[in-house]
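Descriptive analysis of the structure
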Amino acid sequence: MITVDDLTVERAVDPVGVGSHPRFGWTLHADAPATRQLAYRLSVADDEGVVWTSGRVDSDRSVDVVYAGPALRPLRRYEWRVVVTTTAGDGVATGTFVTALVDDDFRGARFIGGPADAVAAPLLRTVFEVPAGVSEAYLVVAAGGLARVELDGLEVGNGVLAPGFTDYDVTAQYTVTDVTGRLGPGRHALGLELGRGFFGMRGRNTWDWERAPWHAEPCARVLLVMRDEHGEHVVVSGSDWRTASGPTIFDDLYAGEDYDAGREKLGWSTAAFDDEGWMPATPADGPHGRAVAQRQPPIVEGELLEPASVTRLGEDRWVVSFPRVIAGWVEVEAEADPGATIELRFGESLRADGTPNSDDEKGYFDGRFQTDRLTLGETPVHWHPRFTWHGFQHVEVRARRLPTLRARIVHTRAARTGRFASSSALLDTLHELTVRTILNNLHGLPTDTPKYEKNGWTGDGMVGAEMMLLNLDVHELLAKWVDDVAASRHGEGAPEVIAPHGGWHLDWSPAPTWHSALLLVPWEIYRQRGDERVLADVWPDARDYLRFELGRGVDGIFDTTLGDWVSPETDAGGGNAPEDTRVSATAFVVAMCDAAARMARVLGHDPTEWERAAEVSRRAFVRRFWDADTAEVRGTGDAGYRQAHTALALAFDVLPEPVRQAAADRLARDVVERDHHLSTGALATKHLLPQLTRFGHVDVAVAVALQTTFPSWGFWVERGATSLWEHWKEESRSRGHYFLGTLDDWLYGTVAGLAPLAPGWREALIAPRVIGTGIDHAEAAVRTPFGEISVRWRVEGPEVVLTCTVPVGVRAVVELPGLRRAVEAGTHEVRAAVPVVGAGV
């Protein structure tokens, strides 16, 4: 029996808001082993009939199959059908999708805002008639800033903090929501509450968001399209809409939010509400960037946590603590008490006096930081912020009476697509903390701490991309963010170190280590998900930037302002490792050149330019930094032997093949001499354990992974960590940072033994490398574009028994000590003798 499952359009199930030439995908499940797809037939239809059929296509392709018919119409629901022929028979399945505003025609809708002198988040509304017989209706909302939308008194959609954040002078996202089921015949009302977001931030901050080139008051543009048998009916935003100041009287992504329940306007987004005292909406210019549909999944409200403890600090002061560090907000339930205020101060850790650390230690902001204030009214209130989120575990409450608080986790919708477990409770804990911390930093893009920054630091996303893609459905989020990184160039020079970028006055150039995200992140997306389009889209910017970077080098050697950040010796607030930054910079330029050559081959371009540039820098690196007598990579001014230098040189194959083993042996010796501790920061930690394993020192790698004293991952766990920290030290500024958690890559690829051999996991390697080290079982699974691939192995006496399941469309190679076997789709069991692994170096 064959079934066709997991139908996707642009990597999403039944999406609303896709382009005019979408890509389709599906997975296959079969009872028969070694099943292969032989052909497919695709058709796409609307309510008027079939608009395109592919005919029979003899191909095993089941991912990113491109629609090749006439351009699809805007804001239309389509049904698509695929018939798949396999060696086990035929299967059929159907799915749907709705197009975006693919003609870019907003039907006369204009950007509008609130009262000219408004300080509070403005409310906007309009009333409209819906005829009988509406068969489909779609709501398009674009915004400068954030727009919370209500229809007839109820919120629209399942997302918050929307639309997504971009460089508003390049692109501005809009959301598309199917509201067909909400619009019966008669009078209806639309209402919007606008937040500042990164578009209209007022408070001073070190990244200059309050002075961004696009900076203006929040605004929105709205288009509602309805269709019936008579044609199309539209509702558009304009000066005929009404506006008033709302109950949210202050909102700032960093400072927090103020809400006055006494200013609530009950029923304000219903047709029956009397808005006679409201003003006409104010026309606004809106973002200048090209309007694009939001491609990344929405930010959503997730798990709701009850308090773990409540501590009374004194009169009218309490600390409410939750089970773990999260990103999100608290939901407040309070009784009526007109004019009384509740102040909430959020922190990830506690000060010595037991209060949450809500300090702005570095002076990044204009006074207030991570603080919400709620003024009560004449009726009970259930409230949470609409236009900010916090990083926290603890909340200091200042109020006359303690309200009921619950913590709501908020992040981009990203389904778990990977899993890992082992015989080590420590490794299992670290894996879970890693996934939690990544989720805490997904808010439309990969961010750098939900508490302090909320920025898309490029180096952080670069080192984290692999583990994000292994664990979570972040393909579209990362693809969108790659566009942000490219857009930060504005057509010349290097990308910025944060993306989107609002004109931050600090100049971090040169920083090829961080700029490498422009090439290494799209390549990782391609490696894990097989998406060629992301390579094609970024190629012009990636190519031109790399040529610019190569022009900044001196005889093949490069430098950077951002080296192996937060190595153990550095200040807990952050800093470069005490080592020659030219080593990491040059290594990353080599890595970028290699990635550019691979991308060029995939896209049909000549890779010679990049191959030659990589060779020039490899030779220069060896001449300048390689000491053959000591087998060390050594830079000027290094504070002793630097593990990072060698880890990066090995990871990117910078050193000639004949000397790599000696370099790896010297690296392992240093780790052992440090009593099996690492000394690496954000850039090199990702590569340390894989390179030790690659060159025969798996016992040393395992000892580092299981270490529990400083500096180590286990040290965090021993100190009670519920998430990953920004620094190895307990004094770490942030307790919500993922970039040192790249141990997780090694857990999948080495401990469990799952890795792609071809883009998109078309070919896979199943090869656990820690057998015989004391870890006696492990398992992992990854949802590939073809379905889930999984492995489970266990030591049983003198044997290791491995079971793996390979999806249809994937071929795998299983490697165990003394054994190598090719397998196809199906479930397989393999046995081999347990090897003897040495201890130490």
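Residues numbered from 1 in each chain as written. Predicted model: local features only at pLDDT ≥ 70, side-chain atom pairs only at ≥ 80, totals over all residues. Heavy atoms only, no water.

Strand order in the open sheet formed by 6 strands is β13-β12-β15-β10-β18-β21, with antiparallel pairing between adjacent strands. At either end of the open sheet lies a strand with only one pairing partner, and these are β13 (154-155) and β21 (279-280). As paired elements, strand β12 (residues 146-151) and strand β15 (residues 186-195) share 6 bridges and run antiparallel to each other. Each bridged residue has a counterpart across the sheet, and for L151 the counterpart in β15 is L190. (Pairing = 2+ DSSP bridges. Helix = DSSP H or I, 4+ residues; strand = E, 2+ residues; numbered from the N terminus.)

All right, on to the side chain of T166 then. Tracing the backbone shows T166 in the loop between β13 and β14 (171-178). Classification of T166 as buried rests on a relative accessible area of 1%. In this structure the side chain of T166 is engaged in a polar contact, spanning 2.5 Å, whose partner is the backbone oxygen of T171. Here T166 is in contact with T171, A172, Q173, W214, K480, D484 and P500, once residues within four sequence places are set aside. (Buried < 20%, exposed > 50% of the residue type's maximum accessible area, 1.4 Å probe, protein only. Polar contact = N/O pair within 3.5 Å; in protein donor to acceptor, adjacent residues only side chain to side chain. Contact = heavy atoms within 4.5 Å.)

Right, let's talk about the packing of aromatic side chains for a bit. By the definition in use, this model includes 37 aromatic pairs. With centroids separated by 5.7 Å and ring planes inclined at 55°, the aromatic side chains of W207 and F365 adopt a geometry described as tilted. Here the residue W207 occupies a position in the loop between β15 and β16 (219-228), and F365 occupies one in the loop between β27 (341-347) and β28 (371-375), the gap between them amounting to 158 residues. In this pair, the class of W207 matches that of F365, namely buried. (Phe/Tyr/Trp six-rings, centres within 6.5 Å; stacked < 30°, edge-to-face > 60°.)

On to the pairing of strand β26 (residues 317-334), then. Among the 18 residues that make up β26, 15 are buried, leaving the element largely enclosed by the rest of the structure. With 5 bridges connecting them, strand β25 (residues 309-314) and β26 associate as antiparallel partners. Each bridged residue has a counterpart across the sheet, and for T311 the counterpart in β26 is V319. Inspection of the sheet shows β26 paired to strand β30 (residues 390-398) by 8 bridges, in the antiparallel sense.

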